[in-house]
Amino acid sequence: MSQSEEICWYHPKISREVGEKLLQENPRKVNGLFIVRDSISSPSDYVLSVLCETEVNNYQIRRHQEDAIFSINESVKFHGLENLIDFYKKTPLAGNGLVLTEFVKGHQPPHQTMRSGSSNLLHRATNVGNYEIVTRLLQSGYMGCDAKNQDGKTAAHLAASNGQNDILRKLIDHQVNVNLRDAMGVTPLHYACKYNRPLTVKLLITSGKANIQARNTENGEVPLHVAASEGHLEVVKMLLAFHAPIKPRTKKNLVPAQLARKKGHNNCASFLDNYECPSPTISRNDFYHGTLDRNEAEEKIMAFNAQSGVYLVRYSERFEAYILSLFHEKVRNYVIKKEDGYFLIDDGPLLNSLEHLVEHYSIMSDGLPTNLITPVPPPPKPNAPPISTLKKNNLKTVRPKLQIPQGTDNSNEISTPLMFKNISFVSDLNLVDSTNDIINNNRDPLDKVDRFIDPANLTCKGLIGEGEFASVYEGLLLKDRTEIKVAIKTLRNEHAESNKVNFDREAQVMLGLNHHCIVKLLGICLGPPLQMIQELVPLGAILQYIDKHQHEINPKFEFTIWAAQIACGMHYLEENRFVHRDLAARNILLSSKYQAKISDFGLSRALESNHEYYRALKGGRWPLKWYAPESYNYGQFDHKSDVWSFGVTIWEIYSYGATPYDDMKGAEAIILIDNGKRLEKPKACPEEVYLKMLECWAQDKDQRPAFKELVEFFQCDYMNIRELIPEANLV
């Protein structure tokens, strides 16, 4: 029997009944006679059918992730179906104690299920870089695209190793699987990282959908381990830009920074040690249910929506740990361990917080049977105890002033360093006259700001939002014997030292602002914890309102009013020489159906008296899709860069909350912008409004309109609306 005939035990696309009949009616009828067939219930899995006397036992062969990693018993995994079969030829199967003996002859298993194979023409053409032959083979419908050579390598492995991006792109276009492992347990992405191919890395991830967390079956290394071990800093940065976790672990529990330092790549190790992970965009209010037992969690998931990817996080008193309960075919439970302040599941990466963990597994399954897709929302939380009961006797008598550091940016927002071009830049900003009375005719009733508020006058209620370094609660402020509903922005204690500068800066900015289109700061509570007391904006985030009421909104009315109000608030900031730097629909709140307010001044800066722009000295987790070219290229921010962001903001509104540039990364979007591309006109957007957006996105900032002009533009329509909707006089 030839080597190829030794593995012809695979019988594709046959039912359980047909498979059992093949074994029971075979003339030999020896115990341990077997076949491998496709699983009907789980398309990516297989079934081992084994004859025992006159009965047939069926064993589900589970496939792990997307490659040739299989198991019958979850604790024993094999790279390649052929290795699993060889193992059970020597080791008895559970249940009947039999070992595999002979098989009913069928076919060789699919290429992608095997650890190794033999070289074919596509391997040879790729290995010598013959693009023309590779193209002809693929166009002819060549069936060996995912075949493995004697080393277990596919053509994608060879192209990635050699940096042959043209060939690799052609392979990807013909649907090759770039996540297959070779005989050493390595994927094409591992090889691209090993041989310092950053563009190949990008191609594999973006076009090939390569698994950025694919583990080497021998040592557990993921691509970031390989790049760090080789000291390839540009590849490291590329992987991090695509959400690679900073602390994956090998089988020896080593993280990339340790491997880099061990190999003497100190620059790479230092970069990884000092890298600050982006703040999670998900809040535990979306998924965390507090103390639940296993049965209660399963009931909630099944009652909510028993589809793959539905999940919740709970606290188990039995295990004294968080538990992730996830539905995929059934409810599965994973203990979330905590080590040295990090959160982790099984052999997964070390993650900074529970929110980081949930966001990571939402982006990629990374060992789980599926991504986290739909959270089961928890019930409303009961009121929290009043803040006045927390460390009430620790009030300070000496109250330090909040100050903005002058001339520097002390932000801790470091991700990828920003490379600034060495050019001279001076903006021609003209301060404009006060806005028309019609825009300013309705002031908010709370005009006075109490700089410091006694915590005894505050009552904190339920959590309504979370930001980068603070949580926001609904609460009550006792003022002149009257309780006023407020929002209480609280600096999280665990980040108090590192983020106090940011918190103080935002408070200092807001203390100087008083405008009906800007969320008002009512005062500061020194706590502890440090808190900003702001007006409560009842309808909350504008994007959530649009999503919930999209069928009730008339874009010619509400959208026009909101655009006018946002422009009005930004014009006020311009007059007071403030640059917002984070104007986006996510930072617009609604106090009523006809009143929008600008919020979130964490990135805002005051322009110094002798400067007409602000220059950021550090890169950071910047919202690149909302930034003007001079901002992401040179770190320069002024009122005209805010105008660019205004254009993107109203595009979001007229798009009913769509994400700018779809699912592109920020780095990909700015390439389009630099090439002269712009966001397309939303269906609900009038032509003249879209033309105004395009003016906001002029490459030359001097060609962009001023906020005074934008106020006047939207005010023209507003005047007509006001006659139809009297209550819209809040502009």
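As shown above, the structure is provided for reference.
Scoring rules and cut-offs
Starting from 1, residues in each chain are numbered consecutively following that chain's sequence as written. Per-residue local features of the predicted model are confined to residues with pLDDT of at least 70, and side-chain atom pairs are confined, for both listing and counting, to 80 or more; whole-chain, interface and lining totals are unaffected and use all residues. Derived side-chain values reflect all non-hydrogen atoms in the structure, with water molecules and hydrogen atoms excluded from consideration. Helix and strand assignments follow DSSP, with helices taken as H or I runs no shorter than four residues and strands as E runs no shorter than two, numbered in order from the N terminus. Throughout this description, buried means an accessible area under 20% of the type-specific maximum (1.4 Å probe, protein chains only), exposed means over 50%, and partly exposed covers the range between. In this description, accessible areas are obtained by the Shrake-Rupley approach with a 1.4 Å probe, and a residue is regarded as covered only by the protein chains that are shown. What makes two strands pair is DSSP finding at least two bridges between them. Contact criterion: two residues are considered in contact whenever any of their non-hydrogen atoms come within 4.5 Å of each other. To get an axis, a line is fitted to the C-alpha atoms, and for a helix only the part in contact is used. The angle between two axes follows their N-to-C directions and goes from 0 to 180 degrees. A patch consists of residues whose relative accessible area exceeds 30% and which take part in no salt bridge; residues with like charges are grouped when within 9 Å of each other, and nonpolar side chains (Val, Leu, Ile, Met, Phe, Trp, Tyr) when within 5 Å. In the sections that follow, a salt bridge refers to a side-chain nitrogen of Lys or Arg positioned within 4 Å of a carboxyl oxygen of Asp or Glu. His is not counted, nor are the chain ends, whereas Lys and Arg count as positive and Asp and Glu as negative. A single reference atom marks each charge: NZ on Lys, CZ on Arg, CG on Asp, CD on Glu. Orientation labels follow simple angle bins: below 35 degrees gives roughly parallel, above 145 gives roughly antiparallel, 65 to 115 gives roughly perpendicular, and whatever is left gives oblique. Two helices cross in a left-handed way if the nearer one is turned anticlockwise from the farther one by less than a right angle. They cross in a right-handed way if the turn is clockwise. Under the grouping applied here, Gly and all other residues not named as nonpolar or charged are polar, the nonpolar ones being Ala, Val, Leu, Ile, Met, Phe, Trp, Tyr, Cys and Pro and the charged ones Asp, Glu, Lys and Arg.

Q: Which residues make up the overall build of the protein chain, and what are the values?
A: Tallying secondary structure elements over the protein chain gives 22 helices and 25 strands in all. Split into buried and exposed, the 731 residues of the protein chain put 52% on the buried side. Carbon and sulfur atoms form 49% of the exposed surface of the protein chain, whose accessible area is close to 33,900 Å².

Q: For unusual backbone geometry, give the residues involved together with the corresponding values.
A: In this structure, E329 takes a positive phi of about 70 degrees despite not being glycine. For E329, the location among the structural elements is in the loop between strand 9 (321-328) and strand 10 (330-339). Although it is not a glycine, Y656 adopts a positive phi angle of roughly 60 degrees. Mapped onto the elements, Y656 comes out in the loop between helix 19 (639-654) and helix 20 (666-674). For Y656, a relative accessible area of 30% translates into the label partly exposed.

Q: So what about the sheet that holds strand 21 (residues 588-592)? Which residues, and what values?
A: Taken together, three strands build an open sheet; the order of strands is 19-21-22 and the sheet is antiparallel. With partners counted over all chains shown, the strands left at the sheet margins are strand 19 (540-541) and strand 22 (595-598), one partner each. One ladder, built from two bridges, connects strand 19 with strand 21; its direction is antiparallel. Looking at the pairing, G540 lines up with L590 of strand 21. Here helix 17 (residues 555-575) sits on the sheet in contact with strand 21 and strand 22, set at roughly 35 degrees to strand 22.

Q: For a negative patch on the surface, give the residues involved together with the corresponding values.
A: A contiguous patch of negative charge, built from D293, E296, E298 and E299, is present on the exposed surface. Secondary-structure assignment places E298 in helix 13 (residues 294-305).

Q: Can you explain helix 10 (residues 233-241)? Please cite residues and give values.
A: Residues spaced three or four apart along an α-helix point in a common direction, a consequence of the helix completing one turn every 3.6 residues. Along helix 10, the residues classified as buried are V235, V236, K237, M238, L239 and L240. Those residues of helix 10 hidden inside the fold are in contact with helix 7 (188-194), helix 8 (198-206), helix 9 (223-230) and helix 12 (266-274).

Q: With reference to specific residues and values, describe the side chain of T370.
A: Looking at the secondary structure, you find T370 in the loop between helix 14 (354-363) and strand 12 (374-375). Residue contacts for T370: discarding those within four places in its chain leaves S308, G309, L326, F327, H328 and S365.

Q: Requested: an account of the sheet that holds strand 5 (residues 69-71), with residues and values cited.
A: Strand order in the open sheet formed by six strands is 1-2-3-4-5-6, and the pairing between neighbours is mixed. The open sheet has two free edges, formed respectively by strand 1 (10-11) and strand 6 (77-79), since each of these has just one partner strand. Most of the contacts of helix 1 (residues 16-24) go to strand 4 (residues 55-63), to which it runs at about 130 degrees, and overall it touches strand 1, strand 2 (34-38), strand 3 (46-52) and strand 4. Those strands touched by helix 2 (residues 81-88) are strand 2, strand 3, strand 4, strand 5 and strand 6, and its axis lies near 130 degrees from that of strand 6.

Q: Would you mind going over the packing of helix 5 (residues 155-162) against helix 6 (residues 165-173) in detail, with residue names and values included?
A: Two numbers describe how helix 5 lies on helix 6: the axes approach to 8 Å, and their chain directions differ by 150 degrees. Judged by the inter-axis angle, helix 5 sits roughly antiparallel to helix 6. Pair helix 5 / helix 6 crosses with left-handed handedness. Residues A155, A156 and A159 of helix 5 touch helix 6, and the partners they reach there are I167, L168 and L171. Grouping the amino acids of the contact of helix 5 with helix 6 by side-chain chemistry returns six nonpolar, no polar and no charged.

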